[in-house]
Amino acid sequence: MGKLIVIDGLDGSGKTTQFEIIKGELMKSRNVKAISFPDYDNPSSALVKMYLNGDLSKDAGGVNAYAASSFYAVDRYASYKMFWEENYRRGDLIFASRYVSSNAIHQMSKLPQAEWDSYLDWLEDYEYTKLGLPKPDLVIFLDMPVELSQRLMTERYKGDESRKDIHETDFEYLKVCRRSALYAAEKLGWKIVECSSGGEPLSVESISGELLHLIKKVI
């Protein structure tokens, strides 16, 4: 089997930029299959799109954690069976932007904290055991304070707040997501990479260097 490396983080954490940089570095020395979730080009993401567009509820909390988790899990399962199972089985490095970790970040936050442990147990059993998705060798969470990530997203969208999805527009929800991410990181053994200092984002290069350092320990 190959290795599966995942980077995750809240919207505005610089995840997409880092994914592209690290992908390019890894491809210099080995076979790499890069994947990103949700897979918006695949029909399997239809329910995810409906959820994020607000078709099922105008706020994230209106779709319960287990239902929304299933939307994303089905999209991952379809991606695995159609696009990268063969790569994984023949020993390639699979590099993912978001994965099962995203459910722990975005969906667990909808539940009372007293239920977080049982949710994580359910999530790992559901996606890794019941669905048979590969378990990552390394999950890295890019930690950016929500106040800063919101500012960066506003800059990305050139001030057009209407371009944000139902996750991105809900500041209080995102703050809980960050708490749930840090909780899951401690419980499940994720690595955390700090992306800011003194209220300002760290340089792209310094974050990339830390990511490569962590990844090279595993591969």
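Right above here is the structure, for reference.
All values derive from a computational prediction rather than experimental measurement.

**A short note on the packing of helix H5 (residues 116–130) against helix H7 (residues 171–188)**
Phase 1 of the analysis: As a packed pair, H5 and H7 sit with axes 11 Å apart at the nearest point and diverge in direction by 70°. Considering the angle they form, H5 stands roughly perpendicular to H7. H7 is crossed by H5, and the crossing has right-handed handedness. Residues Trp 116, Asp 117, Leu 120, Asp 121 and Glu 124 of H5 form the contact with H7, whose participating residues are Val 176, Arg 179, Ser 180, Tyr 183, Ala 184, Lys 187 and Leu 188.

**A look at the environment of Ile 7**
Phase 1 of the analysis: Of note, Ile 7 is situated in strand S1 (residues 3–9).
Phase 2 of the analysis: When the C-alpha atoms of Ile 7 and Ile 140 are compared, they prove to be 4.8 Å apart, with 133 residues separating the residues in sequence.
Phase 3 of the analysis: Those residues within four positions of Ile 7 in sequence are excluded, and the remaining contacts are Lys 15, Gln 18, Phe 19, Phe 95, Ala 96, Ser 97, Arg 98, Ile 140 and Leu 211.

**Thoughts on the packing of aromatic side chains**
Phase 1 of the analysis: Considering all chains together, one arrives at 12 aromatic pairs under this definition.
Phase 2 of the analysis: Ring centres 4.9 Å apart and planes at 20° place the aromatic pair Phe 19 and Phe 95 in the stacked group. One end of the pair, Phe 19, is in helix H1 (residues 15–26); the other, Phe 95, is in strand S3 (residues 93–97), and 76 residues separate them in sequence.
Phase 3 of the analysis: A centroid spacing of 6.1 Å and a plane angle of 90° characterise the contact between Tyr 51 and Tyr 72, whose relative ring orientation is edge-to-face. Within this pair, whereas Tyr 51 is found in helix H2 (residues 46–52), its partner Tyr 72 is found in helix H3 (residues 65–89), the two being separated by 21 residues in sequence.
Phase 4 of the analysis: Owing to a relative accessible area of 0%, Tyr 51 belongs among the buried residues under this scheme.
Phase 5 of the analysis: Classification of Tyr 72 as buried rests on a relative accessible area of 10%.

**Some words on the sheet that holds S3**
Within a sheet, neighbouring strands are paired by backbone hydrogen bonds and run either parallel or antiparallel to one another.
Phase 1 of the analysis: The strand order S2-S3-S1-S4-S5 describes an open sheet built from five strands, whose pairing is parallel. Looking along the sheet, the strands with just one partner apiece sit at the ends: strand S2 (32–36) and strand S5 (191–194). The sheet shows a mean angle of 20° between the axes of neighbouring strands, direction not considered.
Phase 2 of the analysis: By the bridge criterion, four bridges tie strand S4 (residues 138–143) to S5 in an arrangement that is parallel. In the strand pairing of S5, Asp 143 is matched with Glu 194.
Phase 3 of the analysis: Along the sheet face, H3 touches S1, S2 and S3 and points at about 145° away from the line of S2.
Phase 4 of the analysis: Against the sheet, H7 makes contact with S4 and S5, and its axis sits at roughly 145° relative to S4, the strand it touches most.

**A few points about the nonpolar core**
Phase 1 of the analysis: In terms of nonpolar packing, the biggest core is built from 41 residues, with Leu 4, Tyr 51, Trp 84, Tyr 99, Ile 105, Tyr 119 and Trp 190 touching the most fellow members.
Phase 2 of the analysis: Looking at this core, the elements with two or more residues in it are S1, H2, H3, S3, helix H4 (100–106), H5, S4 and H7.
Phase 3 of the analysis: Per element, the largest residue contribution to this core is seven residues, and it comes from H3.
Phase 4 of the analysis: Phe 19, Ile 22, Leu 93 and Leu 211 belong to the second-largest nonpolar core, a separate cluster that totals 20 residues.

**Regarding H1**
Phase 1 of the analysis: Between the first and last C-alpha of H1 there are 16 Å, a value that for 12 residues agrees with the 16 Å anticipated at 1.5 Å per step.
Phase 2 of the analysis: Those residues of H1 lying buried are Lys 15, Gln 18, Phe 19, Ile 22, Lys 23 and Leu 26. On an axial view of H1, the arc spanned by its buried residues comes to 130°, and they lie on one face.
Phase 3 of the analysis: In this fold, the buried residues of H1 make contact with S1, S2, S3, S4 and helix H8 (204–218).

What counts, and where the lines are drawn
Residue indices follow the written sequence of each chain, beginning from 1 at its first position. Given that this is a predicted model, residues contribute local features only at a pLDDT of at least 70 and side-chain atom pairs are listed and counted only at 80 or more, while totals for whole chains, interfaces and linings are drawn from all residues. Only hydrogens and water are set aside when side-chain values are computed; all heavy atoms of the structure are taken into account. Only C-alpha atoms enter the line fits that serve as axes; for helices the fit covers just the stretch in contact. Angles between N-to-C directions range over 0 to 180 degrees. The helix and strand labels rest on DSSP assignments: H or I over at least four residues marks a helix, E over at least two residues marks a strand, and numbering proceeds from the N terminus. Small angles under 35 degrees read as roughly parallel and large ones over 145 as roughly antiparallel, with 65 to 115 read as roughly perpendicular and the rest as oblique. Rotating anticlockwise by less than a right angle from the far helix to the near helix defines a left-handed crossing, while the corresponding clockwise rotation defines a right-handed one. Whether two residues touch is decided by their heavy atoms; if any such pair falls within 4.5 Å, the residues are in contact. Only Phe, Tyr and Trp rings are paired, with Trp represented by its six-membered ring, and only when their centres lie within 6.5 Å; those with planes under 30 degrees apart are stacked, over 60 edge-to-face, the remainder tilted. In this scheme, a residue with accessible area under 20% of its type's maximum is buried, one over 50% is exposed, and one in between is partly exposed, where area comes from a 1.4 Å probe on protein chains only. Strand pairing follows a simple DSSP-based rule, namely that at least 2 bridges must link the two strands. Working definition of a nonpolar core: buried Ala, Val, Leu, Ile, Met, Phe, Trp, Tyr and Cys residues. They are joined through side-chain atoms within 4.5 Å. One less than the number of residues in a helix, times 1.5 Å, gives the span that helix is expected to have. Each direction from the helix axis to a C-beta atom contributes to the arc, which is the arc of those directions.

Keep in mind these values describe shape, not function.
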